[in-house]
Amino acid sequence: MGSLLPNLLRFGRLLRALGLEVPAGSMLTAARALEHVDIGRRGDFYHALRCVLVRRAADLPPFDAAFRAFWRRPPGRRVRNRPRAMGEEIRFGEPEVDPPSLAAEAGDDPSSGGPLAEPRHLELATHSAREALRRKDFALYSAAEIAAAETMMARLDWEVGSRRTRRWLAGAGPGLDLRRLLRSAARHGQDDPVLPRRRRKVRRRPLVLICDVSGSMERYTRMLLHFCHSLTGGLEGVESFVFSTRLTRVTPELRRGRINDVLPALSERVHDWSGGTRIGEALGSFARDWARRILGHGAVVLLISDGWDRGDPELLAREMARLQRSCHRLVWLNPLLGAPGYEPLTRGMRAALPLVDDFLPVHNLESLETLARHLNRLPEARSRRPVAPPGHALSRRSRAAVQR
Amino acid sequence: MARDRAPRSIDELCELLAGELYIADRGLATSIYLALQLGRPLLLEGEAGVGKTEVAKVLAGGLGTELIRLQCYEGLDVNHAVYEWNYARQLLEIRLMEASGTLDREAAAAELFSEEFLVRRPVLRALQHGGRPPVLLIDELDRADEEFEGFLLEILSDFQVTIPELGTIRAEAPPIVIITSNRTRELHDALKRRCLYFWIDYPDYEKELSIVTAKVPAASRRLAEQVTGFVQELRLTALYKVAGVSETLDWIAALTALDRSELDARTVDETLGIVLKNQEDIRAVRGERVRAILDRVAHPGAAGA
């Protein structure tokens, strides 16, 4: 093996620097794997390393890039005396490029200043101040109030309904626990006068947040991201997405650390921040790329938007119908619904309304409390939904399904 | 096709798979070969219908060993994956003992919880399999819940299970384990760490065509080229549910059964439901889109490029 093993270890370090998880055990397995393949065949060498060191599809592109950069054939030695036997003789030389020092870049000052800078923390002293803040519209918050609201938000209790799983637990319930029955029967000879029972295990429903961050939502974006962050970070099984023209999954960012460290990273990743709104298209890409992966197990979807849609309302209606069919409950949260006299008259809102299970405001802390209470009490059955062939005269449907 | 020994090189493994009519690319063959050599489970991920499950089947066929399949679903637990006691027989036995007045409590417990009353489920069967190690296929593990994954991890690290009433059962020869996942959720890292990993992609035109001709030899060459080209084009369209290789095979088998030797717009419209399983997708493609794709695949030479 000669220089191969040290190079392999160096390659492992490069992969770690690129964010792949490479435990020491895997490096050992990789070394063992290489004993079984002809490392003169570059393809086999590549696949042997790949199937040991990569564990998820998302890691394939960084692995490929690292492999190409690291395991380069040494230049100059390519056409020596035996051009045809080269593949047999010369394998892989010293790496020509140093692993990129990503750590140094990441350590850079996380852009301070700007609209997303960290406000000073402030606890509201009096009860009346807290009450006033509860009712105040998010759009009117000062930086200090945002910070205070954050603390209050963290105290909200999210249960998001529950569902019975297929798993059984011992305890009072409808099923007979035959295993325990048999054991006690064998022990006592007689059938136990008290038959052991079992019941279904209960689990909280998964929650999916899809939040509009387009231009028209700008005044609410910051507080709503706080809201998403406190849900995503505080509960297991919550997935978060933001969109304006394109959909971006932000679950990993929101899981990481405190909101004020998260926001700069977010604004970097979401390219069309504060752009136009295409809800239908965003939901379409959600349906294609994510729905089947995360809407299992009776998920509840919270779609947060003011309904100002520049896309095709037909498409929006189609996508809403589809989204509603694939989740347990579809809740539309609209910050404008808190304003007195607001009527959901925009084209987008009108197209979408017949297809949501709940239509609720999300403009102040009080509305969040209402939402939390509502979610905690979700019925186990799906709400009744209109049945019609897809894309069929949706706009003519009544708004009967809408609850306020 | 059964062989007496395991393949000794990647080339031999490729041959073995080809003998079972499975066209594997070099990467997949390398992963399978290493899984066999290192005695590690192989985790296969990929979209639905790219032939993940098939790998286990052809491997069992090629190695001439038994395929033991564990289909995962939500709520799958030890009782359905590993073992269960045969309660009905146990109860009956107790009654018999009582009736004949031979019920001795100590002895009864030992007798009732003996191997005789044990129902063996796939995992236990794979561990207790005598002779040539079987292929244990753990299919769609992402459907099972996380508790089960943790339990599986335990089995995959030592190839043994403990039954409280009986003791520990250890595999003499560890089974060849193939795990598949459709990625409806991410599997746990601890489990992945035990496994070798391979992502199976949709095949390109050339590869899919050779799969089609190998699996449905009755189809005319022209039809095979057109259908493959058509499905390849469909995969480039934004659809909710992309057609897998199995759909291609179903489609061409159906067309061959209908005695078609060529694709035309009407035939496609009539049989589109075999390839696309989603009403919106069918509506989006039927008609104009079908004609446009047909125009492009009418000359298969150009379509494959």
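Below is a summary of the structure that appears in this document. (Residues numbered from 1 in each chain as written. Chains lettered and ligands numbered in written order. Predicted model: local features only at pLDDT ≥ 70, side-chain atom pairs only at ≥ 80, totals over all residues. Heavy atoms only, no water.)

Here's the deal with a nonpolar patch on the surface
(1) Moving on: Residues Leu176, Leu178 and Leu195 of chain A make up a contiguous nonpolar surface patch of about 210 Å² in total accessible area.
(2) Moving on: Along the chain, Leu195 of chain A turns up in the loop between helix 9 (178-188) and strand 2 (197-204). (Patch = residues over 30% accessible without salt bridge, like charges linked within 9 Å, V, L, I, M, F, W, Y side chains within 5 Å. Areas by Shrake-Rupley, 256 points an atom, 1.4 Å probe, with all protein chains shown as cover. Salt bridge = Lys/Arg side-chain N within 4 Å of Asp/Glu carboxyl O. Helix = DSSP H or I, 4+ residues; strand = E, 2+ residues; numbered from the N terminus.)

Focus on the sheet that holds strand 1 (residues 42-46) of chain B
Through backbone hydrogen bonds, the strands of a sheet pair up, either in parallel or in antiparallel fashion.
All names here are of chain B.
(1) Moving on: Strand order in this open sheet of five strands is 2-5-8-1-9, and the pairing throughout is parallel. Each of the sheet's edge strands pairs with one partner strand only, and the pair in question is strand 2 (67-71) and strand 9 (196-200). For this sheet, the mean inter-axis angle between neighbouring strands, taken without regard to orientation, is 20°.
(2) Moving on: Sheet contacts for helix 3 (residues 52-63): strand 1, strand 2, strand 5 (135-139), strand 8 (176-181) and strand 9; angle to strand 8, the most-contacted strand, approximately 165°. (Pairing = 2+ DSSP bridges. Axes fitted to C-alpha atoms, helices over the stretch in contact; angles between N-to-C directions. Contact = heavy atoms within 4.5 Å.)

Re the side chain of Glu253 of chain A
Residue and element names in this part refer to chain A.
(1) Moving on: For Glu253, the position within the fold is in helix 11 (residues 251-255).
(2) Moving on: Look at Glu253 and you get buried, because its relative accessible area is 8%.
(3) Moving on: Among residues more than four places away in sequence, those in contact with Glu253 are Val262, Leu266 and Arg269. (Buried < 20%, exposed > 50% of the residue type's maximum accessible area, 1.4 Å probe, protein only.)

A closer look at the interface of chain B and chain A
(1) Moving on: On the side of chain A, 47 residues touch chain B, which itself brings 54 residues to the contact.
(2) Moving on: Between chain B and chain A the total buried area reaches about 4,700 Å² when both faces are included, carbon and sulfur atoms providing 50% of it.
(3) Moving on: Of all residues in chain B, Glu74, Tyr197 and Tyr240 of chain B give up the largest surface area on contact with chain A, accounting jointly for 15% of the area buried on that side.
(4) Moving on: Applying the counting criterion to the chain B and chain A interface returns six salt bridges.
(5) Moving on: In this structure, Glu280 of chain B engages Arg325 of chain A in a salt bridge whose closest nitrogen and oxygen atoms are separated by 3.1 Å.
(6) Moving on: Counting every contact that joins chain B to chain A gives 13 residue pairs in polar contact (both at pLDDT 80 or more). (Buried area = accessible area lost by both parts, 1.4 Å probe. Polar contact = N/O pair within 3.5 Å; in protein donor to acceptor, adjacent residues only side chain to side chain.)

Section: the packing of aromatic side chains
(1) Moving on: The tally for this structure, following the rule as stated, stands at 17 aromatic pairs over all chains.
(2) Moving on: Note on Phe45 of chain A and Trp71 of chain A: the rings are 5.0 Å apart at their centroids and 85° apart in plane angle, and the pair reads as edge-to-face. With Phe45 of chain A in helix 3 (residues 42-53) and Trp71 of chain A in the loop between helix 4 (60-70) and helix 5 (86-89), the pair connects residues that are 26 residues apart, well separated along the chain. No difference in accessibility class separates Phe45 of chain A from Trp71 of chain A, as the two residues are buried.
(3) Moving on: Seen in terms of ring centroids, Trp85 of chain B and Phe113 of chain B are 5.0 Å apart; in terms of plane orientation they differ by 90°. Their pairing is edge-to-face. On the criterion of sequence distance, the pair formed by Trp85 of chain B in strand 3 (residues 83-85) and Phe113 of chain B in the loop between helix 6 (105-112) and strand 4 (118-120) is long-range, its members being 28 residues apart. Each of the two residues, Trp85 of chain B as well as Phe113 of chain B, counts as buried.
(4) Moving on: The rings of Phe11, Phe45, Tyr46, Phe63, Phe67, Phe70 and Trp71 of chain A are connected pair by pair, giving a single aromatic cluster.
(5) Moving on: One residue, Arg322 of chain A, lies across the ring of Tyr240 of chain B, its end atom 3.7 Å from the ring centre. (Phe/Tyr/Trp six-rings, centres within 6.5 Å; stacked < 30°, edge-to-face > 60°. Lys NZ or Arg CZ within 6 Å of the ring centre and 35° of its normal.)

Things to note about the pattern of salt bridges
(1) Moving on: Applying the stated rule across the entire model yields 29 salt bridges over all chains.
(2) Moving on: The salt bridge involving Arg278 of chain A is made with Glu281 of chain A; its shortest N-O contact spans 4.0 Å.
(3) Moving on: Classification of Glu281 of chain A as partly exposed rests on a relative accessible area of 39%.
(4) Moving on: Among the ionic pairs, Arg26 of chain B bridges to Asp11 of chain B, the shortest N-O distance being 2.7 Å. On the criterion of sequence distance, the pair formed by Arg26 of chain B in helix 2 (residues 26-38) and Asp11 of chain B in helix 1 (residues 10-19) is long-range, its members being 15 residues apart.
(5) Moving on: Within the structure, one salt-bridge network assembled from shared partners comprises Arg41 and Asp44 of chain A together with Asp11 and Arg26 of chain B.

As for the pairing of strand 1 of chain B
Residues and elements named next belong to chain B.
(1) Moving on: Counting buried positions along strand 1 yields five of five residues, so the element is predominantly enclosed.
(2) Moving on: The two faces of strand 1 match: Leu42, Leu44 and Gly46 on one face and Leu43 and Glu45 on the other face are all buried.
(3) Moving on: As defined by bridge partners, strand 1 adjoins strand 8 across four bridges and the pair is classed as parallel. Bridge assignment links Leu42 to a residue of strand 8, and that residue is Ile178.
(4) Moving on: Sheet analysis places strand 1 next to strand 9, joined by five bridges and oriented parallel. By the bridge assignment for strand 9, Glu45 is matched with Trp199.

Some thoughts on unusual backbone geometry
All names here are of chain B.
(1) Moving on: The phi torsion at Glu140 lies on the positive side, around 55°, for a residue other than glycine.
(2) Moving on: Assignment of secondary structure puts Glu140 in the loop between strand 5 and helix 8 (146-158).
(3) Moving on: The exposure class assigned to Glu140 is buried, which follows from its relative accessible area of 17%.

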